Amino acid sequence: MEQEIKTVKIRPEPPKKIGRHVIVVRVQHNFGVLARITNLFASRGYNIESLTVGVTHEPNIARITIVVKGDERIIEQIIKQLRKLIETLRVRDITCIPHIERELVLIKVHTGDEKARDEIMRLVNIFRAKIVDVSTDTYTIEVTGDIDKIEAFIDLLRPFGIKDLARTGTLAISRESAKHKYAKYVE
Amino acid sequence: MTAKRGADIIVDVLNAEGVDTVFGLPGGAIMEVYDALFNAPFRNILTRHEQAAAHMADGYARATGKVGVVMATSGPGATNLVTGLATAYMDSVPMVAITGQVPRHYIGTDAFQEADVIGITRPITKHNFLVTDIKELPLVIRQAFYIARTGRPGPVLVDIPKDITQQKSEYTIPTDSEVEKSLPGYKPHVEGNYLQIKKAAELIRKAKRPVLYVGGGVIISDASKELQELVELTKIPVTTTNMGKGAFPETHPLALHMLGMHGTYYANMAVYHSDLLIAVGARFDDRVTGKIQEFAPEAKIIHIDIDPASISKNITVDVPIVGDVKIVLQKLIKELKKNPIQWEKARKSWLKQIENWKKEHPLTYIKSDKIIKPQYVIEEIYEVTKGDAIITAGVGQHQMWTAMFYKYSFPRQFLNSGGLGTMGYGFPAAIGAKIARPEKEVFAIEGDGSFIMNIQDIATAVQYRIPIKVVIINNEFLGMVRQWQEFFYDSRYASVCLSVQPDFVKLAESFGAVGLRATKPKEVKKVLQEAMSINDRPVIIDMAVDREENVLPMVPAGKSYREMILNPGEKGKAETMYLVG
Ligand SMILES: Cc1ncc(C[n+]2csc(CCOP(=O)(O)OP(=O)(O)O)c2C)c(N)n1
């Protein structure tokens, strides 16, 4: 009964390209809406790099910025699943259009001797960061920027001894100045 | 305007929604609502378990397309609904669940019978609401019905704290447009992109070996007529999923019956060799596709579905069309008629090939006059009901035999838990279906394992004189698990033997139902006919069937259609058929 299998036919599938995507979601600012969104990521096994939420100038609307890594099919699914939520007003993947990304970080760094203090001050100036609190052996530094700048700054501070660190996660907004040129790429 | 209790407002809004039946069981947190139900203008069915109530509401909804309503108290009442909600969610069944919650000032204090029902049900409902202000109550309930029945339907839960049901307030029932406006992010009406429909028509004209792969979406969208029109026009053969059964008459010469794990040989062969697969209201579930990389390997795929998230989720498709199936099919037919080809001629060799496959391996089984074959029971039920009954099933082998050996001819005829696979679904769903469609004969075909999971609700069927027929395909096994053990675990039958069981005839009688039994093939017809003559009570028929019969054909989980087990073979060594790739 068993016949030899000559060739096994396989459905052609497009190659997977993994990328970092910035997705902006506007939602009705209702009770439990954030839980709904985080639940969606947790239950479907998507990996979030960061998620930030805040209410907008319209008090009943909140805006969520999600940074997530995945291949195109996963990103597409995430966007569709987000759109499927009843309280979602708008979902945009702004990765490919001009946009501004910012993150705010607070870092407590060990200061040590005078040489170290000078060196940290120099870095703070170069990165246009700010020292917001000082104690005998600690500077608390505030810095904002996009992810590359933030990561570079943290790496440079590491050797001095970081005592604590708090990040807001990425916020993003599209560039109004490039709106018309790129309108066709949005939605 | 006079002020009313929250509980009375609920009843008023349900009435305005056209509700004629609610299913449920009361308790502390929802007592006020039950008090209001005492005078309600609609029917209130007291069940014996909240899970059964949820399945009844589900069966009611699937049999009619109307929203099923279920009620339960807080805590354990609500958690007992969970399986019923998840079942309805997976199969896109419109349902509204109303649960009592502890009073607002107790929420979060681990109060008596408090559970985070919103948190628990969030992933298994289309949406859910906690009512925090009596002013919102009428709008929230109307929103729940609107969300449940529109777009891709699904269950919606409304959790209402007890103090809100007791509080008095003036109110008006929001209008349809107010409800729509209150949900600015929810846009359930989609008609399908014209350019995509044109592309689909082009592919259909060019295809040499097309197959329609039809799912439950066709039934939900009430598009059977359109589907038949498309088939009559283009002569494309149709295979349906378990959920799609009834969308296309199975007696039609172009019917290929079910595809997938327990699909027919000819349906799976047709899909495997197709050059165009038109998926309509179906979602490429793993039980359908098997090994996805080898599913319809040479086919271009057109996928019509109302839920964008169903498209390109499991498989990449060539022409996605997001829209209501009924509207899209109407437009597609119009487009195809604009530019007709000689359909009969184009199909000739493909349909001939399919005819051969049908002859080679028809759907069949080894008959016996000594022992009752489960498939024979289903065929006999088809005979005595003249193919016109509504059929429900539990989950397991009997469910598959029920899907395979009854020939369905109209939508909403076969109700079963396809997505979640919930044992215990069939019997209560049959009660719900019979309440919704009293003019129809309703049969629940149950496994002995499945039936016992909601057996308590025989009391409900007796109390309300619901004359359904329950047929137990009694193999004294958790048969489907046993079959997998036989095939894939070297016949090590771990925890599947149900030899300790009640005497189902006496059990039925003790509830006030009628109990019947058949142990020999020649008794089957007689017993079924006797059951058909009883119209004032439920009848429970214990059919002692061949204990180790297997469901075949079978594509083992995660395997390709090439590796179909077709013949029973020796015990423990069912023969795998390898198609030449
Ligand atoms: C609630 C639930 N628990 C467990 C399962 C796993 N399961 C699938 S089929 C099956 C056996 C069903 O036995 P029975 O109802 O007697 O039907 P049969 O297969 O014997 O026809 C089991 C245990 C399930 N589907 N649902």
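The structure presented is a predicted model; accordingly, all values stated were derived computationally and were not measured.

Asker: What is the right way to read the site of the ligand from this model?
Answerer: Residue and element names in this part refer to chain B. Taken together, the neighbourhood of the ligand is formed by 17 residues, with Gln397, Gly421, Gly449, Ser450 and Gly479 sitting nearest. Note that an oxygen atom of the ligand is positioned 3.2 Å from one of the side-chain N or O atoms of Asp448. In the environment of the ligand, an oxygen atom lies 2.7 Å from a nitrogen or oxygen atom belonging to the backbone of Gly479. Contact with the protein chains covers 76% of the free accessible surface of the ligand, which is 590 Å². Secondary-structure elements contributing two or more residues to the shell around the ligand are α18 (397–405), α20 (448–452) and α22 (479–488). Residue composition of the shell around the ligand, grouped by class: seven nonpolar, nine polar and one charged.

Asker: Explanation requested: the sheet that holds strand β17 (residues 442–447) of chain B in the structure shown.
Answerer: The pairing of strands in a sheet comes from backbone hydrogen bonds and takes either a parallel or an antiparallel form. All names here are of chain B. Strand order in the open sheet formed by six strands is β16-β15-β17-β18-β20-β19, with parallel pairing between adjacent strands. Each having just a single partner strand, β16 (414–415) and β19 (514–518) make up the two edges of the open sheet. Of the pairings in the sheet, the one linking strand β15 (residues 390–393) to β17 comprises four bridges and is parallel in character. What sits directly across from Thr392, in β17, is Ala444. Against the sheet, helix α23 (residues 504–511) touches β18 (469–474), β19 and β20 (539–544), its axis set at about 170 degrees to β19.

Asker: Help me understand the interface of chain B and chain A in this model?
Answerer: Interfaces are often sized by the amount of accessible area the parts lose when they come together. At the interface, 41 residues of chain B touch 30 residues of chain A. Surface buried jointly by chain B and chain A totals about 3,100 Å² across both partners, of which 53% is contributed by carbon and sulfur atoms. At the boundary of chain B with chain A, the tally comes to two salt bridges. Note that Asp307(B) is salt-bridged to Lys84(A), the shortest N-O span being 2.6 Å. At the junction of chain B and chain A, the tally comes to ten residue pairs in polar contact (both at pLDDT 80 or more). Those elements giving two or more residues to the side of chain B that touches chain A turn out to be β6 (127–130) and β22 (573–578) of chain B. For the side of chain B that touches chain A, the element with the highest residue contribution is β22(B), accounting for four residues. Residue composition of the side of chain B that touches chain A, by class: 21 nonpolar, ten polar and ten charged.

Asker: Would you mind showing me how to read the environment of Ile164(B) here?
Answerer: Residues and elements named next belong to chain B. As for its placement among the helices and strands, Ile164 is situated in helix α8 (residues 162–166). When the C-alpha atoms of Ile164 and Val11 are compared, they prove to be 14 Å apart, with 153 residues separating the residues in sequence. Ile164 has contacts with Gly6, Arg104, Val131, Thr132, Asp133, Ile134 and Leu137, leaving out every residue within four places of it along the chain.

Asker: I'm lost on the packing of aromatic side chains in this one. Help?
Answerer: To describe a pair of aromatic rings, one takes the distance between the centres and the angle between the planes. Residue and element names in this part refer to chain B. For the coordinates displayed, the defined rule picks out 18 aromatic pairs over all chains. Summarising the aromatic geometry, the rings of Tyr146 and Tyr186 are spaced 5.7 Å apart at their centres and angled 90 degrees between planes, so their arrangement reads as edge-to-face. Placement of Tyr146 in helix α7 (residues 137–149) and of Tyr186 in the loop between α9 (176–181) and α10 (194–206) is noted, with a sequence separation of 40 residues between them. Geometrically, the ring pair formed by Tyr382 and Tyr406 is edge-to-face, given 5.0 Å between the ring centres and 90 degrees between the ring planes. In this pair, Tyr382 sits in helix α17 (residues 374–384) while Tyr406 sits in the loop between α18 and β16, placing the two residues 24 residues apart along the sequence. Judged by its relative accessible area of 0%, Tyr406 is buried. Aromatic ring contacts, followed pair by pair, group Tyr213, Phe284, Phe295 and Tyr561 into a single cluster. When the ring centre of Tyr365 is taken as reference, the NZ or CZ atom of Lys367 above it lies at 4.6 Å. The ring of Phe477 carries Arg547 above its face, with NZ or CZ at 4.2 Å from the centroid.

Asker: Can you help me understand the sheet that holds strand β3 (residues 43–46) of chain B in this one?
Answerer: All names here are of chain B. In space, the six strands of this open sheet follow the order β3-β2-β4-β5-β7-β6, with parallel pairing throughout. Both edges of this open sheet fall to β3 and β6, since each of them pairs with a single strand only. The average angle at which neighbouring strand axes cross in this sheet is 20 degrees, direction not considered. Strand direction decides the pairing type here: strand β4 (residues 68–72) and strand β5 (residues 95–101), joined by five bridges, are parallel. Its bridge partner lying in β5, Val69 is registered against Val96. Sitting on the sheet, helix α3 (residues 50–64) touches β2 (21–25), β4 and β5, and the angle it makes with β4 is about 170 degrees. Sheet strands in contact with α7 are β4, β5, β6 and β7 (155–161), and its direction is about 165 degrees off that of β7.

Asker: Just to check I follow, could you spell out helix α16 (residues 343–360) of chain B for this structure?
Answerer: Note that an α-helix has 3.6 residues per turn; residues three or four places apart therefore point the same way. Residue and element names in this part refer to chain B. Its 18 residues place the ends of α16 26 Å apart at the C-alpha level, agreeing with the 26 Å of an ideal helix rising 1.5 Å per residue. Along α16, the sharpest kink reaches roughly 40 degrees, centred on Ser349. Those residues of α16 that fall on the buried side of the exposure criterion are Trp343, Arg347, Trp350, Ile354, Trp357 and Lys358. Buried residues along α16 sit against α10, β9 (210–214), α12 (224–234), β11 (255–258), α13 (265–273) and α15 (325–338).

Asker: Just checking my understanding: could you explain the domain arrangement of chain A for this structure?
Answerer: All names here are of chain A. Domain parsing of chain A yields domain 1 (19–96) and domain 2 (100–171). Here the C-alpha centre of domain 2 lies 29 Å away from the C-alpha centre of domain 1. On the side of domain 2, six residues touch domain 1, which itself brings seven residues to the contact. For the pair domain 1 and domain 2, the two sides together bury roughly 500 Å², of which 53% comes from carbon and sulfur. On the domain 1 side of the contact with domain 2, Arg20, Thr52 and Thr65 bury the most area, a combined 61% of that side's loss. Applying the counting criterion to the domain 1 and domain 2 interface returns one salt bridge. Across the pair Glu101 and Arg20 runs a salt bridge, and its minimum N-O distance is 3.1 Å. Between domain 1 and domain 2 we count three residue pairs in polar contact (both at pLDDT 80 or more) in total. Of the residues forming the side of domain 1 that touches domain 2, the biggest block, three residues, is contributed by strand β2 (residues 48–55).

Asker: What's the story with the pairing of strand β3 (residues 61–70) of chain A in this structure? I'm lost.
Answerer: When a strand is regular, its side chains alternate between the sheet's two faces. Residue and element names in this part refer to chain A. In terms of burial, β3 is a largely internal element, eight of the ten residues being buried. Pairing geometry for strand β1 (residues 19–28) and β3, over ten bridges, is antiparallel. Of the residues in β3, the one forming a bridge with Gly19 is Gly70. Here seven bridges tie β2 to β3, and the two strands are oriented antiparallel to one another. Within β3, the position partnered with Ile48 by the bridge is Val68.

Asker: Which parts of the structure should I look at to understand unusual backbone geometry?
Answerer: The phi angle of most residues is negative, glycine excepted, and most peptide bonds adopt the trans form. Residue and element names in this part refer to chain B. For the bond from Leu552 to Pro553, the omega torsion is 0 degrees, close enough to zero to count as cis. Residue position: Pro553 is located in the loop between β20 and β21 (563–570). You will see that Arg412, though not glycine, has its phi angle at about 65 degrees, which is positive. Structurally, Arg412 can be placed in the loop between α18 and β16. Its relative accessible area of 19% is what places Arg412 among the buried residues.

Asker: Explain the domain arrangement of chain B to me, please; I cannot follow it from the model alone.
Answerer: Residue and element names in this part refer to chain B. When cut into domains, chain B gives domain 1 (4–181), domain 2 (194–360) and domain 3 (374–551). Its C-alpha centre places domain 1 at a distance of 37 Å from the equivalent point of domain 2. Contact residues are listed per partner, giving seven residues for domain 1 and six residues for domain 2. Summed over both partners, the interface of domain 1 with domain 2 comes to about 540 Å²; 59% of that surface belongs to carbon and sulfur atoms. Contact with domain 2 buries area across many residues of domain 1, yet Met90, Asp91 and Arg152 alone supply 66% of it, more than any other trio.

What counts and what doesn't
Residues numbered from 1 in each chain as written. Chains lettered and ligands numbered in written order. Predicted model: local features only at pLDDT ≥ 70, side-chain atom pairs only at ≥ 80, totals over all residues. Heavy atoms only, no water. Near = heavy atom within 4 Å. Polar contact = N/O pair within 3.5 Å; in protein donor to acceptor, adjacent residues only side chain to side chain. Areas by Shrake-Rupley, 256 points an atom, 1.4 Å probe, with all protein chains shown as cover. Helix = DSSP H or I, 4+ residues; strand = E, 2+ residues; numbered from the N terminus. Nonpolar A, V, L, I, M, F, W, Y, C, P; charged D, E, K, R; others polar. Pairing = 2+ DSSP bridges. Contact = heavy atoms within 4.5 Å. Axes fitted to C-alpha atoms, helices over the stretch in contact; angles between N-to-C directions. Buried area = accessible area lost by both parts, 1.4 Å probe. Salt bridge = Lys/Arg side-chain N within 4 Å of Asp/Glu carboxyl O. Phe/Tyr/Trp six-rings, centres within 6.5 Å; stacked < 30°, edge-to-face > 60°. Buried < 20%, exposed > 50% of the residue type's maximum accessible area, 1.4 Å probe, protein only. Lys NZ or Arg CZ within 6 Å of the ring centre and 35° of its normal. Expected span 1.5 Å × (residues − 1). Bend = angle between axes of the 7 residues up to and from the residue. Domains from an automatic or database assignment.

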